Amino acid sequence: MKILLLGKNGQVGWELQRSLAPLGELIALDRHSQDFCGDLTNLRGLAQTVQILRPDLIVNAAAYTAVDKAESEPELARVVNASAPGLLALEAQKLGAWLVHYSTDYVFDGSGTGPWAETDVPAPLNVYGHTKLEGEQRIVENCSNQLIFRTSWVYSTRGGNFAKTMLRLAQERERLTVIDDQVGAPTGAELLADVTTHAVRQVMSPVRQRPQDAGIYHLAASGQTTWHGYANHVIRQAERGVNAIEIAAKNVVPVPTSAFPTLARRPLNSRLNTDRLQATFGLTMPPWELGVNRMLAETL
Ligand code: NDP
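This report concerns the structure included in the present document.

## So, the environment of Leu99
Point 1. Structurally, Leu99 is set in strand β4 (residues 98–104).
Point 2. Overall, the relative accessible area of 1% leaves Leu99 in the buried class.
Point 3. Residues Leu99 and Tyr230, spaced 131 residues apart in sequence, show a C-alpha to C-alpha distance of 33 Å.
Point 4. Ignoring anything within four residues of it in the chain, the contact list for Leu99 reads Ile58, Pro85, Leu88, Ala89, Ala92, Ile139, Cys143, Asn145, Gln146 and Leu147.

## Remarks on the site of the ligand
Point 1. Around the ligand sit 22 residues, and of these Gln11, Arg31, Thr65, Tyr128 and Lys132 come closest.
Point 2. Within the side chain of Thr65, one N or O atom sits 2.7 Å away from an oxygen atom of the ligand.
Point 3. Broken down by secondary-structure element, the contributors of at least two residues to the shell around the ligand are α1 (11–20), β4 and α4 (127–142).
Point 4. Examining the composition of the shell around the ligand, we find that 3 residues originate from one element, β4, more than from any other.
Point 5. Residues that form the shell around the ligand fall into these classes: 10 nonpolar, 9 polar and 3 charged.

## Some thoughts on the nonpolar core
Point 1. Ranked by size, the top nonpolar core spans 54 residues in total, and within it Leu16, Val59, Leu147, Phe149 and Tyr230 carry the most contacts.
Point 2. With sequence-adjacent residues up to four places away left out, Tyr230 is seen in contact with Trp153, Tyr155, Phe162, Ala163, Pro186, Thr225, Trp288, Val292 and Met295.
Point 3. Judged by nonpolar contacts, the second largest core, of 31 residues, contains Ile58, Ala62, Leu88 and Tyr128.

Criteria and thresholds
Residues numbered from 1 in each chain as written. Predicted model: local features only at pLDDT ≥ 70, side-chain atom pairs only at ≥ 80, totals over all residues. Heavy atoms only, no water. Helix = DSSP H or I, 4+ residues; strand = E, 2+ residues; numbered from the N terminus. Buried < 20%, exposed > 50% of the residue type's maximum accessible area, 1.4 Å probe, protein only. Contact = heavy atoms within 4.5 Å. Near = heavy atom within 4 Å. Polar contact = N/O pair within 3.5 Å; in protein donor to acceptor, adjacent residues only side chain to side chain. Nonpolar A, V, L, I, M, F, W, Y, C, P; charged D, E, K, R; others polar. Core = buried A, V, L, I, M, F, W, Y, C linked by side-chain atoms within 4.5 Å.

Following this line, the structure appears as structure tokens:
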């Protein structure tokens, strides 16, 4: 099997390089790749890449993810998050290839307190959410063999992340204020990559092909927390164990979203119902603390 991975150096892309490798020949690109175009703003180049490589599977982990900046760069965000995925869908369809793509709980308006199901009506609050929703729609319209995973609050060991920022601040400051009215599940890039590989194996299995499993799935760790709960968990974990660190912040104060004004509005309710994913692929979503603790063990 030939696999084309786009966005190989993002949080999820990096983990996909690991999880997809045993499935076949993996060609992993980023926007700076020389041999083939992996730049999602170069639609012509991107189409040529697919036409020359003729992959059996395209996995698009590239995205415009700067949520606040997207408010002032809507056209660029739209090209990367909607036009390019739409084009990949058309090219995949021509080849009969599968296309895997990632989307976000930001397609919803964050109202209510229940977990969002795939059948709920999207209503994005910001430019990023609008462009991601348009990307989903273009894929669904143009490609029959597609898997779209909507996720939330992604972190990875590599590079910066919320947990690392909280730990640094908790060592520097005696008092931290953290948002306590946005609810979701921190989801590891590792989990996203591993579930992607399981799902791809199922839908593309030569003995048990499952075209009927195409579509949109919610993919997040189980359980829920707020950013405040997440920060507290991280700090308490870091205080324990052999590599315990000295925490200055005795006080982690919960504050509402309004305490941290941002250019883009954020949904308050980011809970995702993962029943469809678990039932279709026979998987169990682990509690969010499991992945976060692993990430901390690797980081500390
Ligand atoms: P990252 O921001 O870590 O990675 C995105 C990657 O896309 C980066 O490597 C970036 O490259 C690349 N990229 C941006 N613009 C282009 C372009 N024009 N051409 C090629 N590559 C480009 O994101 P994640 O790994 O966290 O996100 C993966 C997916 O999950 C995305 O679809 C995202 O929308 C979705 N998601 C993410 C969430 C999160 O909390 N992070 C939450 C919900 C969904 P460079 O570094 O060079 O800019």
